[in-house]
Structure formats: C-alpha cells, structure tokens
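Here is how the chains run, residue by residue.
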Amino acid sequence: MKETFNLQDAINAIDEYGYEKKQTSGLELARNASQMKTYLKSLNYSLRRLTLLQEVVNDLVDEEQHKKLQQEKIQTYKTKIINLSREYGISFDDVIQLMREQEVNDKK
C-alpha cells in the first residue's frame, strides 16, 4: 500500500509541476499580468533590454489600437451606407456608385 501511495504522490507532483510549467513557461501561455511578469522576470533582461521591450510593446499596442479604430470607422461608414440604401430604396452598390459620381462631379 505504501508503494502505491508514494507512486501516487510522485504522479501528483509531476502533474503539479507540469501544470505550473504550463502556467509560466511561455509568454504565449500567459493569461494574466502575474504570469506575464513571472515569465519576463525569468528572462533576466537588463534595464536596457526591458526598456527596448517596453518601446516595442507600446508600438504594437498603438498599431493594434489604430487598426481597431479604423475597423470601427469602416463599420460605422458601412452602416451609414446601408441606412441610406434603405431610406432611398436602392441597393448598397447603387449608393456607392452615386457617391463615386458625386465625388467626380465635385472635382470638376
């Protein structure tokens, strides 16, 4: 019985180690700030490298925010065109065509 119990303890310890390793072994697996911080600390980066990492992360965040804002504006624009097509009883493509024609006329 004691051998089975020790074997079970060993299996549990290995499972727990695997769970912990999964939680902190890579940034791609990190799901919260604590896990990310643990991983980044494990890299043992110098202040210079951490500062560079911070700059790169800030740039990526800015890019993603810009993309999201663009997508929101495009969706708003599409919604306005759909509403115009409903209001005037014409197709989406017809509204686009009218807008193009209007732009060409405005440039003349």
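Coordinates for the structure precede this section.
Model, not experiment: these values are computed from the prediction. Residues take numbers from 1 onward in each chain, read along the sequence in its written order. At least 70 in pLDDT is required for a residue's local features to be given in this predicted model, at least 80 for side-chain atom pairs to be given and counted, and no such filter applies to totals for whole chains, interfaces and linings, which use all residues. Only hydrogens and water are set aside; all other atoms, that is, all heavy atoms of the structure, feed into the side-chain values.

Undergrad: Explain the overall build of the chain to me, using residue names and the numbers behind them.
TA: Only runs of H or I of at least four residues qualify as helices and only runs of E of at least two qualify as strands under DSSP, and these elements are numbered from the N terminus. Assigned secondary structure in the chain consists of four helices and zero strands. Helices and strands appear in the chain in the N-to-C order α-α-α-α. Within the structure as shown, the chain displays about 9900 Å² of accessible surface, and the carbon and sulfur contribution to it stands at 55%. For the accessible areas, the method is Shrake-Rupley and the probe is 1.4 Å, while residue cover comes only from the protein chains on display.

Undergrad: Describe a negative patch on the surface, and please don't skip the residues or the numbers.
TA: For patches, a residue must show more than 30% relative accessible area and have no salt bridge; joins then use 9 Å for like charges and 5 Å for nonpolar side chains, namely Val, Leu, Ile, Met, Phe, Trp and Tyr. The salt bridge definition used is simple: a Lys or Arg side-chain nitrogen within 4 Å of an Asp or Glu carboxyl oxygen. The convention is simple: Lys and Arg are positive, Asp and Glu are negative, and His and the chain ends are not counted. Lys charges are placed at NZ, Arg charges at CZ, Asp charges at CG and Glu charges at CD. The grouping of Glu55, Asp59, Asp62 and Glu63 at the surface amounts to a negative patch. Within the secondary structure layout, glutamate 55 lies in helix α3 (residues 47-88). Exposure categories follow from relative accessible area, calculated using a 1.4 Å probe and restricted to protein chains: below 20% of the type maximum is buried, above 50% is exposed, and the middle band is partly exposed. Note on glutamate 55: relative accessible area 47%, which makes it partly exposed.

Undergrad: Account for the packing of aromatic side chains, naming residues and giving values.
TA: Each aromatic pair joins two rings of Phe, Tyr and Trp (for Trp, the six-membered one) with centres within 6.5 Å, and gets the label stacked for planes under 30 degrees apart, edge-to-face for over 60, and tilted for any other angle. Within the structure shown, the criterion is met by zero aromatic pairs. Here arginine 49 stacks its cationic end above the ring of tyrosine 45, 4.1 Å away from the centre of that ring. Put simply, a charge is over a ring when the Lys NZ or the Arg CZ is close to the ring centre, within 6 Å, and near the line of the ring normal, within 35 degrees.

Undergrad: Please set out the packing of α3 against helix α4 (residues 92-107) residue by residue, giving values where relevant.
TA: All axes here are fitted lines through C-alpha atoms, helices being fitted over the stretch that makes contact, and every angle between N-to-C directions spans 0 to 180 degrees. Relative orientation of the contacting elements α3 and α4 amounts to 105 degrees, with a least axis distance of 8 Å. In terms of their interaxial angle, α3 and α4 are classed as roughly perpendicular. Contact with α3, carried on its side by Tyr77, Lys78, Ile81, Ile82, Leu84 and Ser85, involves Phe92, Val95, Ile96 and Met99 of α4 and no other residues of that element. Three categories are distinguished: nonpolar for Ala, Val, Leu, Ile, Met, Phe, Trp, Tyr, Cys and Pro, charged for Asp, Glu, Lys and Arg, and polar for the others, with Gly belonging to the last. Here the residues of the contact of α3 with α4 sort into eight nonpolar, one polar and one charged. By definition in this entry, angles of less than 35 degrees are roughly parallel, angles greater than 145 are roughly antiparallel, angles of 65 to 115 are roughly perpendicular, and the rest are oblique. By definition, residues are in contact when any of their heavy atoms lie within 4.5 Å.

Undergrad: Can you tell me about the pattern of salt bridges, naming the residues and giving the values?
TA: Evaluation of the coordinates by the stated rule reveals two salt bridges. For lysine 107, the salt bridge is made with glutamate 103, and the minimal N-O distance between the two is 3.6 Å. Of this pair, lysine 107 and glutamate 103 both sit in helix α4, four residues apart, roughly one helical turn. For lysine 107, a relative accessible area of 66% translates into the label exposed.

Undergrad: If you had to explain α3 to someone new, which residues and values would you point to?
TA: Residues lying three or four places apart along an α-helix face the same way, a consequence of the helix completing one turn every 3.6 residues. The span expected for a helix works out to 1.5 Å for each residue beyond the first. Here α3 contains 42 residues, and its C-alpha end-to-end distance of 61 Å stays within 8% of the 62 Å for a straight helix at 1.5 Å per residue. Positive backbone phi, approximately 65 degrees, marks glycine 89, located one or two places after α3.

Undergrad: Please provide a residue-by-residue account of unusual backbone geometry, values included.
TA: Unusually for a residue other than glycine, asparagine 44 sits at a positive phi of about 55 degrees. Here asparagine 44 is to be found in the loop between α2 (33-43) and α3.

Undergrad: For a nonpolar patch on the surface, give the residues involved together with the corresponding values.
TA: A grouping of Leu52, Val56 and Leu60 is seen on the molecular surface, where their side chains present a nonpolar patch of about 260 Å² in accessible area. Relative to the helices and strands, valine 56 is located in helix α3.

Undergrad: Describe the environment of glycine 26, and please don't skip the residues or the numbers.
TA: You can see glycine 26 is positioned in the loop between α1 (2-24) and α2. Residues glycine 26 and leucine 40, 14 residues apart in the sequence, show an inter-C-alpha distance of 9.0 Å.

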